[in-house]
Amino acid sequence: MTILKHELRQGRIIFVVWTASIAFLLMVCVSLFPEIKGEMNDVGDLFSSMGSFTDAFGMDRLNFGTLIGFYAIECGNVLGLGGAFFTSLIGTAALSKEERDKTAEFLFTHPISRVRVVTEKLAAVMVQIAVMNAVILSLSLVSMTVIGETIPWKEILLMHSAYFLLQVELAGICFGISAFLRRGSVGIGLGIAALMYFLNLIANMTESVRFLKYITPFGYCEGADLVTDGRLDGMRIAVGMLFAGAGIVIAYVRYCGKDL
């Protein structure tokens, strides 16, 4: 477990910064709700009549005057984009940084197999994702308790579960890409996360490309769908986990045979 511990220690600063930033923004959003909930019904009526913009975010199906409706839009976007960017960054850097930082020569002079290296690096990525989500969920629930609102447990847990799965999927895909990189690239990780986000917006606005929701993990994280249906979309999640699994398998195959 030496590599796992080293990866967690090496990435602790970026982990703390991203986790603290996302959690802080969510807590701020939740704390603002009591002050503005009386005006949110009028805002919701305004947003629900804005055509494609309304369709893109599903705002016509959510009541902004309720905590869960407000949380799904305001906090959902923060958690979705913030979590996607973070996991894409650490996934893309996981394997490529050994060549980028020229530490591969040192690492592989030790009696350690490449399979073990890949496994422990993957475990480090997943541990960071799990801990980040646990911290963010806990602080969000504390914030709701502080403002005196009743916690909509089912919807909140569904939403956070969906975003956790989104992050796992993006991490798996980017982990596979990482095995092909030699210098690492922040832009690739951010680009993939942003692309997936905008593919979902396009799918929401255009019926003819609704199939894109099976390609982008944001397709099963729609707050409006989760609140309205009260469940996760099993088919979309299954497809997403296949993408994640494929990325991980590719990482093993590529990195174990790669000329370092």
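Residues numbered from 1 in each chain as written. Predicted model: local features only at pLDDT ≥ 70, side-chain atom pairs only at ≥ 80, totals over all residues. Heavy atoms only, no water.

Asks: Give me the lowdown on the overall build of the protein chain, citing residues and values where you can.
Replies: Within the protein chain, the regular secondary structure consists of 10 helices and 0 strands. Traced from its N-terminal end to its C-terminal end, the protein chain shows the element sequence α-α-α-α-α-α-α-α-α-α. Counting all 260 residues of the protein chain, 47% fall into the buried class. The long-range fraction of contacts in the protein chain, counting pairs at least 24 apart against all pairs at least 6 apart in sequence, stands at 77%. Accessible area of the protein chain: about 12100 Å², with a carbon and sulfur share of 67%. (Helix = DSSP H or I, 4+ residues; strand = E, 2+ residues; numbered from the N terminus. Buried < 20%, exposed > 50% of the residue type's maximum accessible area, 1.4 Å probe, protein only. Contact = heavy atoms within 4.5 Å. Areas by Shrake-Rupley, 256 points an atom, 1.4 Å probe, with all protein chains shown as cover.)

Asks: I'd like to hear about the packing of aromatic side chains, residue by residue, with values.
Replies: Across all of its chains, the model carries 5 aromatic pairs by this definition. Centroid distance Phe15 to Phe86: 6.3 Å. Interplanar angle 55 degrees. Geometry classified as tilted. Remark: Phe86 occurs in helix H4 (residues 67–100) and Phe15 occurs in helix H2 (residues 12–47); sequence separation between them is 71 residues. Among the residues examined, Phe15 registers a relative accessible area of 15% and is labelled buried. You can call Phe86 buried: its relative accessible area is 0%. A ring pair is formed by Tyr197 and Phe198, whose centres lie 5.5 Å apart and whose planes are at 80 degrees; its orientation type is edge-to-face. When its relative accessible area of 12% is taken as the criterion, Tyr197 is described as buried. Taken together, the ring pairs connect Phe15, Trp18 and Phe86 into an aromatic cluster. The cationic tip of Arg236 hangs over the ring face of Tyr214; the distance from NZ or CZ to the ring centre is 5.4 Å. (Phe/Tyr/Trp six-rings, centres within 6.5 Å; stacked < 30°, edge-to-face > 60°. Lys NZ or Arg CZ within 6 Å of the ring centre and 35° of its normal.)

Asks: For the packing of helix H1 (residues 2–10) against helix H6 (residues 114–146), give the residues involved together with the corresponding values.
Replies: Contact pair H1 / H6: the axes reach a minimum separation of 8 Å and the direction vectors enclose 40 degrees. As far as their axial angle goes, H6 and H1 are oblique. Helix-helix and strand crossings are classified by hand; for H1 and H6 the assignment is right-handed. Residue-level contacts link Thr2, Ile3, Leu4, Glu7 and Leu8 of H1 to Arg116, Val117, Glu120, Lys121, Ala123, Ala124, Val127 and Gln128 of H6. (Axes fitted to C-alpha atoms, helices over the stretch in contact; angles between N-to-C directions. Parallel < 35°, antiparallel > 145°, perpendicular 65-115°, else oblique. Left-handed = near helix turned anticlockwise from the far one by under 90°.)

Asks: Provide a residue-level description of the side chain of Ser96, including the pertinent values.
Replies: Along the chain, the position of Ser96 falls in helix H4. There is a polar contact of 3.0 Å between the side chain of Ser96 and the backbone oxygen of Thr92. (Polar contact = N/O pair within 3.5 Å; in protein donor to acceptor, adjacent residues only side chain to side chain.)

Asks: Outline a nonpolar patch on the surface, listing residues and values.
Replies: On the surface, Leu8, Met27, Val127, Val131, Val135 and Leu139 cluster together into a nonpolar patch covering about 370 Å² of accessible area. Sort the elements by how many residues they give to the nonpolar patch and H6 lands first, with 4 residues. Note on placement: Leu139 falls in helix H6. Among the residues examined, Leu139 registers a relative accessible area of 31% and is labelled partly exposed. (Patch = residues over 30% accessible without salt bridge, like charges linked within 9 Å, V, L, I, M, F, W, Y side chains within 5 Å. Salt bridge = Lys/Arg side-chain N within 4 Å of Asp/Glu carboxyl O.)

Asks: Lay out H1 with the relevant residues and their values.
Replies: In an α-helix, one turn spans 3.6 residues, which is why side chains three or four residues apart end up on the same side. Within H1, burial applies to Ile3, Leu4 and Glu7. On an axial view of H1, the arc spanned by its buried residues comes to 105 degrees, and they lie on one face. Turned more than 90 degrees away from the buried face of H1, the exposed residues are Thr2 and Lys5. (Arc of directions from axis to C-beta.)

Asks: Could you give me a rundown of the nonpolar core, with the residues and numbers involved?
Replies: Among the nonpolar cores identified, the biggest contains 63 residues, and Tyr71, Met144 and Leu166 are the most heavily contacted of them. Of all the secondary-structure elements, those providing two or more residues to this core are H2, H4, H6, helix H7 (153–178), helix H8 (186–205), helix H9 (223–229) and helix H10 (234–256). The element that contributes the greatest number of residues to this core is H4, accounting for 13 residues. Residues contacting Tyr71, with those up to four places away along its chain left out, are Leu26, Val30, Gly76, Ser140, Met144, Ile156, Met159 and His160. (Core = buried A, V, L, I, M, F, W, Y, C linked by side-chain atoms within 4.5 Å.)

By themselves these figures say nothing about function.
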